[in-house]
Amino acid sequence: MTAEELNDVVMTVFGPRGDKAYTSALGTLTKHGEVLIGAIQGSPFKPAAVIEGFTDVRDGRADADTKTKLSERTGFHAEMLILSALINYLEINPAQPLPNLRAELASGAGSITITADAPCCKHCGNMLDALGISYFGAKAAAGLTGWWNPLTDVVTPNGSAEFQKAIPGM
């Protein structure tokens, strides 16, 4: 599924971000066409209706691999929740160099697309670019609160020196 096609599904399921407090996103894998991973920052992903074309709909927030409690997940962007969930789904070890992880993701998932109801932030976009994952639209600025790296389970606060890196927490 292309980023444009997935964006249409995102708009159907969630609508535009607008004034909503949390970003919502969906992710697809070409080698697992029946799987759709969704995530909403701050709440579970439980679609109100069947999403046409997908028989295995997963909650990326519930399937993310982190030691951080739900109530403490500041800076956990929807796209990175989906990335963590799909790494778990494919049973891939995230503790490896980015080029190796990129190759393993492509081998296990085929083409991956993750699209949100808002522009991808700078750090999420950089991570997705490094892993060969497509997304809709251009990258926006860095987030306002912090950013969680799903590969290392490190949350980097905004304003820190680490936050200035292309991909914090590596």
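To be clear, the structure that these remarks concern was listed above.
(A) Local environment of the overall build of the protein. Counting its secondary structure elements, the protein contains five helices and six strands. A compact globule built from 170 residues should have a C-alpha radius of gyration of about 15 Å, and the protein, at 15 Å, falls within 12% of that. With 170 residues in all, the protein has 49% of them scored as buried. Restricting the contact set of the protein to residue pairs at least 6 apart, pairs at least 24 apart contribute 49%. With an accessible surface of roughly 8,100 Å², the protein has 53% of that area assigned to carbon and sulfur atoms. Across the protein, the 13 positively charged side chains and the 18 negatively charged ones have centroids separated by 7 Å.

(B) Region of the structure containing unusual backbone geometry. The phi torsion at E91 lies on the positive side, around 55 degrees, for a residue other than glycine. Considering the arrangement of structural elements, one finds E91 in the loop between α3 (78-89) and α4 (98-109). Owing to a relative accessible area of 72%, E91 belongs among the exposed residues under this scheme. One non-glycine residue, D153, lies in the positive phi region at around 60 degrees. Along the polypeptide, D153 turns up in the loop between β5 (146-149) and β6 (154-157). What makes D153 partly exposed here is its relative accessible area of 23%.

(C) Main features of the side chain of Q41. Along the chain, Q41 falls in the loop between β2 (35-40) and β3 (56-59). Engagement of the side chain of Q41 in a polar contact is seen with the backbone oxygen of F76, the distance being 3.2 Å. With sequence-adjacent residues up to four places away left out, Q41 is seen in contact with Y22, T23, F76, H77 and A78.

(D) Molecular detail of the packing of aromatic side chains. Considering all chains together, one arrives at two aromatic pairs under this definition. With centroids separated by 5.8 Å and ring planes inclined at 50 degrees, the aromatic side chains of F14 and F45 adopt a geometry described as tilted. With F14 in the loop between α1 (3-13) and β1 (24-29) and F45 in the loop between β2 and β3, this residue pair connects regions lying 31 residues apart in the sequence. Judged by its relative accessible area of 4%, F45 falls in the buried class. Ring geometry for F76 versus W148: centroids 4.2 Å apart, planes at 10 degrees, classification stacked. Of the two residues, F76 sits in the loop between α2 (60-63) and α3 while W148 sits in strand β5, which places them 72 residues apart along the sequence. For the residue pair F76 and W148, the accessibility class agrees, reading buried in each case.

Reading the values: the criteria
Residues numbered from 1 in each chain as written. Predicted model: local features only at pLDDT ≥ 70, side-chain atom pairs only at ≥ 80, totals over all residues. Heavy atoms only, no water. Helix = DSSP H or I, 4+ residues; strand = E, 2+ residues; numbered from the N terminus. Rg over C-alpha atoms; globule rule 2.2 N^0.38 Å. Buried < 20%, exposed > 50% of the residue type's maximum accessible area, 1.4 Å probe, protein only. Contact = heavy atoms within 4.5 Å. Areas by Shrake-Rupley, 256 points an atom, 1.4 Å probe, with all protein chains shown as cover. Lys, Arg positive; Asp, Glu negative; His and termini not counted. Charge placed at Lys NZ, Arg CZ, Asp CG, Glu CD. Polar contact = N/O pair within 3.5 Å; in protein donor to acceptor, adjacent residues only side chain to side chain. Phe/Tyr/Trp six-rings, centres within 6.5 Å; stacked < 30°, edge-to-face > 60°.

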